Amino acid sequence: MRYNLLLCFLFGVFFTQAQNISETEVRVTDLISGSLLKPEKQTDTLVIIIAGSGPTDRNGNQQMTNNNSLKKLAQQLTKNGFASFRYDKRLFALMRQNALIEEQLRFDDFVNDAVAVTKHFKAQAPGLVENARQAFTDLREKGKAESYSPGLSSLFRPSVQPFMKSWVKYNPAETIASLELPILLVSGSKDLQIPSEETEYLKKAQPNAQLAMIENMNHVLTIIEGDDIENGKSYN
């Protein structure tokens, strides 16, 4: 999804339009993680909420204060149709790692964190799908992919390309169509990693296979009654 980005430093009291909200934990760097809230209706606008002074977390809280100001701001923005992302300042990750050295902190660190967050979400554009498709084509036809987005480096960085090249030559639909043995395809309707459409695609390629669609089951074989937050937590 391509986002128009709004950086939100100051805040006030907002609106009251009721709407379902999904919340997802997003890790941008080793030091920056935050909460992405998306409204029920798709939007192309993302508000990035950057906490103010001191050791303030994504919700607007510090050790001696617990007001949830930024959490409330994010929720109200999302209720009114805007996606929002708020993140813990790097201080919290450093403290968890016992690596916080105050003398080494610089204001530029926080600027760089904000830049990293912005770049992360700018990379989540529709063009990324086409870019990935072209990279896979190059991998098959030319033996390597060169012109890929930094947002796809986990798939196409040079050290991974030999593995991807060995994998991309297989077509699961062609393989399953060639098999002459009993096949049971099992899929869960809450699988975040492999959409049920993929399983149905295999079923179409091999009509003799049996298909079992487990309602509300996710990728780690857990029944999820709630939203993506519950789904993500079940992995642990």
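Residues numbered from 1 in each chain as written. Predicted model: local features only at pLDDT ≥ 70, side-chain atom pairs only at ≥ 80, totals over all residues. Heavy atoms only, no water.

Caption draft 1: A look at the overall build of the protein chain. Of the regular secondary structure elements, the protein chain holds 9 helices and 7 strands. The buried share among the 236 residues of the protein chain stands at 36%. Nonlocal contacts in the protein chain, meaning residues at least 24 apart in sequence, comprise 64% of its contacts between residues at least 6 apart. Taken as a whole, the protein chain presents about 15200 Å² of accessible surface, with 53% of it coming from carbon and sulfur. (Helix = DSSP H or I, 4+ residues; strand = E, 2+ residues; numbered from the N terminus. Buried < 20%, exposed > 50% of the residue type's maximum accessible area, 1.4 Å probe, protein only. Contact = heavy atoms within 4.5 Å. Areas by Shrake-Rupley, 256 points an atom, 1.4 Å probe, with all protein chains shown as cover.)

Caption draft 2: Molecular detail of the packing of aromatic side chains. In total, this model carries 5 aromatic pairs according to the counting rule given. Geometrically, the ring pair formed by Phe 85 and Tyr 87 is stacked, given 6.0 Å between the ring centres and 25° between the ring planes. Accessibility assignment for this pair places Phe 85 and Tyr 87 in one class, buried. Grouping aromatic residues by their ring pairs yields a cluster made of Phe 136, Tyr 148, Phe 156 and Trp 167. The cationic tip of Lys 89 hangs over the ring face of Phe 110; the distance from NZ or CZ to the ring centre is 5.2 Å. (Phe/Tyr/Trp six-rings, centres within 6.5 Å; stacked < 30°, edge-to-face > 60°. Lys NZ or Arg CZ within 6 Å of the ring centre and 35° of its normal.)

Caption draft 3: The confidence of the model for the protein chain, seen in detail. Overall, the prediction assigns the protein chain a mean pLDDT of 84, with 89% of residues at 70 or greater. Per-element mean pLDDT across the protein chain ranges from 54 in strand 1 (residues 4–8) up to 95 in strand 7 (residues 210–214). Every residue in residues 9–19 scores below 50 in pLDDT, and together they form 19 contacts with partners more than four places removed in sequence or on other chains. (pLDDT = per-residue confidence, 0-100.)

Caption draft 4: View of the pairing of strand 5 (residues 83–87). Taking burial as the measure, the 5 residues of strand 5 include 5 buried ones, the bulk of the element. Relative to strand 5, strand 4 (residues 45–49) runs parallel, the two sharing 4 bridges. Bridged to Val 47 within strand 5 is Ser 84. Since strand 4 and strand 5 lie parallel, the crossover through helix 1 (residues 69–79) that links them has a hand, and here it is right-handed. (Pairing = 2+ DSSP bridges. Right-handed = clockwise from strand over helix to strand, strands pointing away.)

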